[in-house]
Amino acid sequence: MKFISANWLLTCDDNFEIIENGAIAFDEKIIDIGTIDEFQIKYPKDNIEYLGENSVIMPGLINTHVHLEFSANKTTLQYGNFVKWLFSVMEHREELIEKATKELIDKELSNMISNGTTTIGAISSYGFDMDSCIQTPLNVVYFTEILGSKADMIDTLFVDFQAKLKSAITHKSENFIPAIAVHSPYSTHPFLIREVLNIAKENKMAVSAHFQESKAENDWLNHSNGEFESFFKDMLDQHKSLTKPSDFLEQFKNIEHLSFTHCVEANEKELEQIKKLGATITHCPNSNRLLNNSILNISYLKDIPLAMGTDGLSSNNTLNMFEEIRNAFFMHTNLDSAALADKLIQASTNGGAKALGLNKGILKKDFDADIIAFQLPDRCNNPKNLSSSIILHTSKTTHTYIKGNDELNK
Ligand SMILES: [Zn+2]
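Keep in mind that this is a model prediction, so the values were computed, not measured.

1. Section: the pairing of strand 10 (residues 207-211)
Side chains on a regular strand alternate between the two faces of the sheet.
Item 1. For strand 10, the tally of buried residues reaches five of five residues, placing the bulk of the element in the interior.
Item 2. Of the two faces of strand 10, the one holding Val207, Ala209 and Phe211 and the one holding Ser208 and His210 are both buried throughout.
Item 3. Bridge count for strand 9 (residues 176-182) against strand 10 is three bridges, and the pairing is parallel. Of the residues in strand 10, the one forming a bridge with Ile180 is Val207.
Item 4. In this view, the connection linking strand 9 to its parallel neighbour strand 10 by way of helix 6 (residues 190-202) has right-handed handedness.
Item 5. Note: strand 10 against strand 11 (residues 258-262), five bridges, orientation parallel. In the sheet register, Phe211 faces strand 11, and the bridge partner there is His262.

Next up, the structure:
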C-alpha cells in the first residue's frame with residue numbers, strides 16, 4: 001500500500017469535495033482518503049510521502065475522444081471551415097496515415113502520460129493504432145468505428161468492421177476495452193448503425209458518435225442542402241440526407257455508456273433526446289475553434305453530463321488535456337470563471353469516466369487508483385480559486401499513477 005499527501009486533494013466526486021492537507025492510500029485501487037492529520041493517527045507506522053509545497057492530488061485526466069491515427073498532421077490540413085477541412089482530410093488521408101507510424105503514436109501516448117492523462121477514448125478508423133493502444137500503460141477504451149453511406153458498399157463495410165472489432169476483442173484486457181463508434185449521422189448508413197448498435201447492446205459495449213458538429217451538417221441533415229450539398233454530390237453521387245437528426249438519435253436507445261461528441265449545433269429537442277438517452281456530451285473546444293464551428297453553449301446543456309476530449313491532431317495542435325481545458329476556460333465567457341473551472345475539471349475526470357463506463361475519475365474508496373499530482377507555483381489561499389489556479393498553471397504532472405503505478409517515476 002502507498003501513501004501520499006498534498007496541500008490540496010480534489011476528489012472530483014459528485015459534490016466536488018476538496019480536502020485541504022489531504023492524504024490518500026492505495027494499491028491498484030484506492031483504499032482510504034482523509035486529511036493528513038487523520039492519516040497520522042490511523043497509520044502511525046506508515047510513511048506518508050508529502051509531495052511538496054503547494055502540491056495537488058486529483059484523479060487522472062480522461063481524454064474521452066481522440067483519433068490517434070491522424071497524429072502526423074501538423075501543417076497539412078486546411079482549417080477555418082469544416083467542409084474545406086473534410087476535403088483536405090480526404091485529399092491527404094493516405095500520406096497522413098502513412099506518416100503516423102507506431103513510433104509516432106507511442107510518443108504521443110507517452111506525452112499524454114506526462115501531461116496527466118490516464119485514460120483515453122480512442123476512435124479507430126482503420127485499426128492502425130491498435131498495437132500502440134494495447135501496449136501503452138494508459139487505460140484505453142478502443143472504439144472501432146463504422147463509416148460509409150453508399151448503399152452498394154454496406155456489406156463490404158460491415159464485414160470489414162466486424163473483422164476489426166473481432167481483432168480488438170481478442171486483445172481485450174483490464175486496460176484495453178473494446179467499444180463501438182458510429183462516425184456521424186451524415187456519413188453512416190442507417191442499416192450499418194442498426195447492426196453495430198445491436199452488437200454493442202449484446203456485448204454491453206460503450207458507444208460514441210460525432211453529432212451536430214457543424215452548420216453544414218445541420219443544413220444537410222434537415223434540408224439536404226448547404227455546404228455539404230456539393231460534397232455529397234461530387235464525392236458520393238448522393239443527393240439527399242439518409243437521416244434526420246432526431247431519427248439518428250432514436251437509434252441509440254438502451255446503450256448504457258453513450259456519448260455524443262461536439263453537439264454544438266444541437267437544438268433544444270435534440271438535447272432533450274440526448275438527455276433521455278442518458279448520454280454524455282463530449283466537448284472538444286480546440287477542434288471546434290480550428291474548424292470554425294460554433295462554441296458549445298454549456299448553459300444550454302442544463303444537466304446533460306459533460307466530458308472533455310482533444311479530438312485528434314487532425315484538428316488540434318496538442319493532445320494535452322490541461323491545454324484543452326485552459327482554452328475552454330477562456331472561451332466560455334458567459335459563465336462565472338470559478339464555477340466553469342470546477343465544471344471543466346469535473347468533466348475531465350468524473351464526466352469522462354461516466355461516458356466511457358469506467359470505475360475511475362473520482363478519488364474514493366474502491367475506485368481505480370488513477371491519480372495525478374503536481375505543484376502550483378505559489379500558495380492558493382481559497383479552495384474556490386483552486387480549479388482556476390490548476391487550469392491556468394498546469395501543463396505537466398510530477399506523478400501519474402495508473403492503477404497504482406507511477407508511470408513517470410519508474
Ligand atoms: Zn472526432
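There's more to say after this.
2. Focus on helix 10 (residues 268-276)
Item 1. Restricting attention to buried positions, one finds in helix 10 the residues Glu270, Leu271, Gln273 and Ile274. Down the axis of helix 10, the buried side of the element spans an arc of 155°, and every buried residue falls inside it. Seen from the buried face of helix 10, the exposed residues on the opposite side, beyond 90 degrees, are Glu268, Lys269 and Lys276.
Item 2. Here the buried face of helix 10 lies against strand 10, helix 9 (245-250), strand 11 and strand 12 (280-283).
Item 3. Positive phi appears at Gly278, one or two residues downstream of helix 10, with a value of about 70°.

3. Topic: a nonpolar patch on the surface
Item 1. A grouping of Phe87, Met90 and Met235 is seen on the molecular surface, where their side chains present a nonpolar patch of about 230 Å² in accessible area.
Item 2. Along the polypeptide, Met235 turns up in helix 8 (residues 228-236).
Item 3. A residue is classified by how much of its surface remains accessible, and Met235, at 38% relative accessible area, is partly exposed.

4. Some thoughts on the domain arrangement of the protein chain
Item 1. Under the domain assignment used here, the protein chain contains domain 1 (2-60 + 362-406) and domain 2 (61-356).
Item 2. Just the C-alpha atoms count here: the centres of domain 1 and domain 2 sit 31 Å apart.
Item 3. Between domain 1 and domain 2, the buried area comes to about 2,200 Å², and carbon and sulfur atoms account for 59% of it.
Item 4. When the buried area of domain 1 at its contact with domain 2 is split by residue, Ile391, Ser395 and Ile402 rank highest and sum to 28% of it.
Item 5. The interface formed by domain 1 and domain 2 contains two salt bridges.
Item 6. In this structure, Lys354 engages Asp14 in a salt bridge whose closest nitrogen and oxygen atoms are separated by 3.2 Å.
Item 7. Inspection of the domain 1/domain 2 interface yields 14 residue pairs in polar contact (both at pLDDT 80 or more).
Item 8. Looking at the side of domain 1 that touches domain 2, the elements that each hand over two or more residues are strand 5 (55-59), strand 14 (371-375), helix 14 (386-393) and strand 15 (399-402).
Item 9. Tallying contributions element by element places helix 14 first for the side of domain 1 that touches domain 2, with five residues.

5. Brief notes about the coordination of the zinc ion
Ideal geometry at a metal gives 109.5 degrees between four tetrahedral donors and either 90 or 180 degrees between six octahedral ones.
Item 1. Only His65 (NE2), His67 (NE2), His210 (NE2) and Asp311 (OD) from the protein reach the zinc ion as donors, at distances of 2.1 to 2.3 Å.
Item 2. Angles of 86 to 169° at the metal separate the four donor atoms of the zinc ion, which places the site in the irregular class.
Item 3. Each donor residue of the zinc ion belongs to the same chain, with the gaps between them written as H-x1-H-x142-H-x100-D. Separated by 246 residues along the polypeptide, His65 in strand 6 (residues 61-66) and Asp311 in the loop between strand 13 (306-308) and helix 12 (321-331) bring together distant segments of the chain. In terms of burial, His65 and Asp311 fall into one category: buried.

The rules we used
Residues numbered from 1 in each chain as written. Predicted model: local features only at pLDDT ≥ 70, side-chain atom pairs only at ≥ 80, totals over all residues. Heavy atoms only, no water. Buried < 20%, exposed > 50% of the residue type's maximum accessible area, 1.4 Å probe, protein only. Helix = DSSP H or I, 4+ residues; strand = E, 2+ residues; numbered from the N terminus. Pairing = 2+ DSSP bridges. Right-handed = clockwise from strand over helix to strand, strands pointing away. Arc of directions from axis to C-beta. Contact = heavy atoms within 4.5 Å. Patch = residues over 30% accessible without salt bridge, like charges linked within 9 Å, V, L, I, M, F, W, Y side chains within 5 Å. Areas by Shrake-Rupley, 256 points an atom, 1.4 Å probe, with all protein chains shown as cover. Salt bridge = Lys/Arg side-chain N within 4 Å of Asp/Glu carboxyl O. Domains from an automatic or database assignment. Buried area = accessible area lost by both parts, 1.4 Å probe. Polar contact = N/O pair within 3.5 Å; in protein donor to acceptor, adjacent residues only side chain to side chain. Donors = N, O, S within 2.8 Å, 3.2 Å for Na, K, Ca; no water. Tetrahedral: all angles 85-135°; square planar, octahedral: opposite > 155°, others 65-115°.

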